[in-house]
Amino acid sequence: MRITSARVIVTCPGRNFVTLKIETDGGVYGIGDATLNGREMAVVAYLQDHVVPALIGKDARRIEDMWQFLYRGAYWRRGPVTMRAIAAVDMALWDIKAKVARMPLYDLLGGASRERVLVYGHANGGDIDETVEAVGRYIDMGYKAIRAQTGIPGVKLAYGVGRGDLHYEPADAALPTETSWNTPAYLDHAPKLFDALRDRYGFGPHLLHDVHHRLTPIEAARLGKSLEPHRMFWIEDATPAENQEAFRLIRQHTVTPLAVGEIFNTIWDARDLIQNQLIDYIRMTVVGAGGITHLRRIADFAAMYQVRTGCHGATDLSPVTMGAALHFDLWAPNFGIQEYMRHSDETDAVFPHAYWFEDGHLHPGDAHGHGVDIDEELAAKHPYRPASLPVARLEDGTMWNW
Ligand code: KDG
Ligand code: MG
């Protein structure tokens, strides 16, 4: 089964997505996601100029060999652009293999380990009261796990506070929007949000919170300690993780579970965190970490250290990634939770998919392959629009982590 064509499709049904469609001489095609929020066109060029020409004529069945060819073959290895390009090819080839086998992808991976996939939604508000109401709406929709973010007095455009309940889109302008950050105000305010949430809803719903790399290790330790009474499901990206050792300090001070990894690309970014049991959940997902082939290795490695998966699932990961991730989640023995930030109706129309939501869970569906397609005609009606992620500065103007 030879690859006859590979096309990169860029579309913006409300936000930008980069999709790879691989066709074979047998007539079966596969779809992969290559979206890199705010840097989309870098991956487009990588795929079009350096990957697509090398795919034509190759055997579509040899997924592992293709992965090694693209990873080792680039010589430079790793990085968000390379690993997304590899992920798109890998996802498309797994899609093809599962379609040819006439199986949903999760069956090909080894079969379902569970009946359905626990997901968490995103509730947010300009202040604590608004966020408490927003969490209530998620509970009403059936969610069992909810991430809560709130505005912070004195902080301009705090991370995670959206324009509208369901769709938080940070890449909101062609050039980066300037936001501000104030750590003392945040450390004072965040526990008050979870006081209010536990007061109102008790300990039934799982609560999660994203720190988005804003704290130093000792500040993160303080936040973790102050949230212990609230029994969080996790706090995420409590501090930047380039230095994996930084998490040891947090770990020494708190039993609040830690999640990290949405910006990682390979197992090497997380090796120390996992093997030293410095985290509880690893956040890499299919598009960010080189596809199903590499993510499966990460999950197996993490399982040895009782670290569970918690795949990134913001809206900048296309429905193609969501579909592929849900098959992975249904299979992974050490699955923890899946993030689920709903896509807009406009996006869903361009990417028809088999997965569905019910009672706080998603199921990938039983369509052959990963179950997500692209309507190319509709996609063409939504041309690319430049969009950047925001930046953050401290009050004195110092650049900080957004
Ligand atoms: O593109 C950046 C987003 O994916 C990120 O800000 C979302 O942190 C995020 C999350 O946890 O979903
Ligand atoms: Mg995050």
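In what follows, the accompanying structure is described. Everything quoted here is computed from the prediction, not taken from an experiment. (Residues numbered from 1 in each chain as written. Chains lettered and ligands numbered in written order. Predicted model: local features only at pLDDT ≥ 70, side-chain atom pairs only at ≥ 80, totals over all residues. Heavy atoms only, no water.)

1. What to know about the site of ligand 1
To keep things clear, this is the line we draw: Each residue is tested against the molecule or strand, and it is near if at least one of its non-hydrogen atoms lies within 4 Å. In protein, a polar contact means a hydrogen-donor-capable atom and an acceptor-capable atom, both N or O and within 3.5 Å, with residues adjacent in sequence counting only if both atoms are side-chain atoms; elsewhere, any N or O pair within 3.5 Å suffices. We get accessible surface area from the Shrake-Rupley algorithm with a probe of 1.4 Å; when it comes to residues, only the shown protein chains can shield them. Only protein atoms enter the 1 Å grid, on which a cavity is a set of points fitting a 1.4 Å probe that cannot get out and a pocket is an open set with protein on both sides within 12 Å along at least 5 of 7 lines, lining residues being those with an atom within 4 Å of a point. Cavity and pocket membership follows a simple rule, namely that a molecule belongs there if more than half of its atoms are within 2 Å of the grid points.
Taken together, 15 residues lie around ligand 1, and Asn 37, His 212, Glu 262, Asp 316 and Glu 339 are the ones closest in. Measuring from an oxygen atom of ligand 1, one finds a side-chain N or O atom of Arg 147 at 3.3 Å. His 212 has a polar side-chain atom sitting 2.8 Å from an oxygen atom of ligand 1. The fraction of the free accessible surface of ligand 1 (330 Å²) that becomes covered by protein chains is 93%. In this structure, ligand 1 is accommodated by the largest pocket.

2. Examining the nonpolar core
Most often, soluble globular proteins keep nonpolar side chains buried together rather than apart. Counted only if it meets this: As used in this record, nonpolar core signifies buried Ala, Val, Leu, Ile, Met, Phe, Trp, Tyr and Cys residues forming a set joined through side-chain atoms within 4.5 Å. Summary of the burial criterion: residues with accessible area below 20% of their type's maximum are buried, those above 50% are exposed, and those between are partly exposed, where the area comes from a 1.4 Å probe applied to protein chains only. Helical segments are the DSSP runs of H or I of at least four residues, strand segments are the runs of E of at least two, and each set is numbered from the N terminus. The split into domains, and so the bounds of each, comes from an automatic or database assignment of domains. Every residue pair with non-hydrogen atoms within 4.5 Å of one another is taken to be in contact.
Grouped together as the largest cluster of nonpolar side chains are 124 residues, with contacts concentrated most on Ile 22, Val 89 and Ile 282. The leading source of residues in this core is helix α3 (residues 80–100), at twelve residues. Counting residues domain by domain, this core receives three or more from each of domain 1 (3–103) and domain 2 (108–367 + 390–400). Once residues lying within four places of it in the same chain are set aside, the contact partners of Ile 22 are Ile 3, Ser 5, Ala 6, Val 28, Tyr 29, Gly 30, Leu 55, Val 89, Ala 92, Leu 93 and Ile 96. Judged by nonpolar contacts, the second largest core, of six residues, contains Tyr 159, Ala 314, Met 341 and Ala 392.

3. Considering the pattern of salt bridges
When charged atoms on two side chains of opposite charge get close, those side chains can pair. The condition that has to hold: Salt-bridge detection follows one rule: a side-chain nitrogen of Lys or Arg within 4 Å of a carboxyl oxygen of Asp or Glu.
Under the counting rule described, the total for this entry stands at 21 salt bridges. The shortest N-O distance in the salt bridge between Arg 62 and Asp 65 comes to 3.9 Å. Given a relative accessible area of 48%, Arg 62 falls into the partly exposed group. Where Asp 359 meets Lys 144, a salt bridge forms, and the shortest distance between an N and an O atom there is 2.9 Å. Pair noted here: Asp 359 is in the loop between β13 (356–358) and β14 (361–363) and Lys 144 is in the loop between α5 (128–140) and β5 (145–150), with a separation of 215 residues, a long-range link. Its relative accessible area of 36% is what places Asp 359 among the partly exposed residues. In the salt-bridge network here, residues are joined through shared partners; they are Arg 7, Lys 21, Glu 23 and Glu 376.

4. Some words on the sheet that holds strand β16 (residues 399–400)
The following threshold applies: Two strands are counted as paired when DSSP detects at least two bridges linking them.
Ordered by their spatial adjacency, three strands build an open sheet running β6-β15-β16, and the pairing between neighbours is mixed. Looking at strand neighbours, the two that pair on one side only are β6 (178–181) and β16, the edges of this open sheet. Sheet analysis places β6 next to strand β15 (residues 391–394), joined by four bridges and oriented parallel. Residue pairing for β15: Glu 178 is matched across the bridge by Val 391.

5. What about the environment of Pro 257?
For Pro 257, the location among the structural elements is in the loop between α8 (246–253) and β9 (258–260). On the accessibility criterion, Pro 257 (22% relative accessible area) is partly exposed. In sequence terms Pro 257 and Thr 216 are 41 residues apart; their C-alpha atoms lie 17 Å from each other. Those residues in contact with Pro 257 that lie beyond four places of it in its chain are Met 232, Phe 233, Trp 234, Ile 235, Asp 280 and Tyr 281.

6. A short note on unusual backbone geometry
Its identity is not glycine, yet Arg 231 carries a phi of approximately 45°, on the positive side. Turning to its location among the elements, Arg 231 is positioned in the loop between α7 (217–226) and β8 (234–236).

7. A closer look at the coordination of the magnesium ion (ligand 2)
As a reminder, the rule being used: Water is not among the atoms examined, so metal sites may look incomplete; donors are the N, O and S atoms within 2.8 Å of the metal, or within 3.2 Å for Na, K and Ca.
Coordination of the magnesium ion (ligand 2) by the protein is provided by Asp 210 (OD), Glu 236 (OE) and Glu 262 (OE), with metal-donor distances spanning 2.0 to 2.3 Å. Within one chain, the residues donating to the magnesium ion (ligand 2) are spaced in sequence as D-x25-E-x25-E. Of the two residues, Asp 210 is situated in strand β7 (residues 206–210) and Glu 236 in strand β8; the sequence distance between them amounts to 26 residues. Comparing Asp 210 with Glu 236, the two get one shared label, buried.

8. A closer look at the layout of surface pockets
Applicable threshold: Grid points are joined across faces, edges and corners, and a volume is the space filled by probe spheres set on the points. Side-chain classes are defined by residue name, with Ala, Val, Leu, Ile, Met, Phe, Trp, Tyr, Cys and Pro counting as nonpolar, Asp, Glu, Lys and Arg as charged, and the others, Gly among them, as polar.
Here the largest pocket defines a volume of roughly 850 Å³. If you go around the largest pocket, you meet 35 residues; those closest to its centre are His 212, Glu 262, Ile 263, Leu 389 and Trp 402. Per-class residue counts for the lining of the largest pocket are 16 nonpolar, ten polar and nine charged.

9. As for helix α1 (residues 40–55)
Defined as follows: Here the expected length of a helix is defined as 1.5 Å per residue gap, with one fewer gap than residues. The term bend refers to the angle at a residue between two fitted axes, each drawn through seven residues, those ending there and those starting there.
A rise of 1.5 Å per residue sets the reference length of α1, with its 16 residues, at 22 Å; its end C-alpha atoms lie 21 Å apart and thus fit the reference within 8%. The axis of α1 is deflected most strongly, by about 40°, at Leu 47. Within α1, burial applies to Glu 40, Val 43, Val 44, Tyr 46, Leu 47, Val 51, Val 52 and Leu 55. For α1, the secondary structure elements touched by its buried residues are β1 (3–11), β2 (17–24), α2 (63–73) and α3.

10. With respect to the sheet that holds β1
Basically, it comes down to this: Axis geometry follows a simple rule: fit a line to the C-alpha atoms, using only the stretch in contact for helices, then measure angles between N-to-C directions, giving values from 0 to 180 degrees.
Taken in spatial order, the three strands make up an open sheet running β1-β2-β3, and their pairing is antiparallel. Strands with a single pairing partner mark the edges of an open sheet, and in this sheet they are β1 and β3 (29–33). Looking at each pair of strands side by side, their axes are set apart by 20° on average, direction ignored. Bridge count for β1 against β2 is eight bridges, and the pairing is antiparallel. Paired with Val 8 across the bridge in β2 is Leu 20.

11. As for the packing of aromatic side chains
How we decide: Aromatic pairs are defined between Phe, Tyr and Trp rings, using the six-membered ring for Trp, whenever the two ring centres lie within 6.5 Å; interplanar angles under 30 degrees are classed as stacked, those over 60 as edge-to-face, and all others as tilted.
Taken as a whole and judged by the stated rule, the model has 14 aromatic pairs. Pairing Phe 17 with Phe 351 gives two aromatic rings, centres 5.5 Å apart and planes at 80°, and the pair type is edge-to-face. Remark: Phe 351 occurs in the loop between α12 (345–350) and β13 and Phe 17 occurs in strand β2; sequence separation between them is 334 residues. Per residue, the accessibility class of Phe 17 equals that of Phe 351, and both read buried. Note on Tyr 138 and Tyr 143: the rings are 4.9 Å apart at their centroids and 65° apart in plane angle, and the pair reads as edge-to-face. Taken as a pair, Tyr 138 and Tyr 143 share a single burial class, namely buried.

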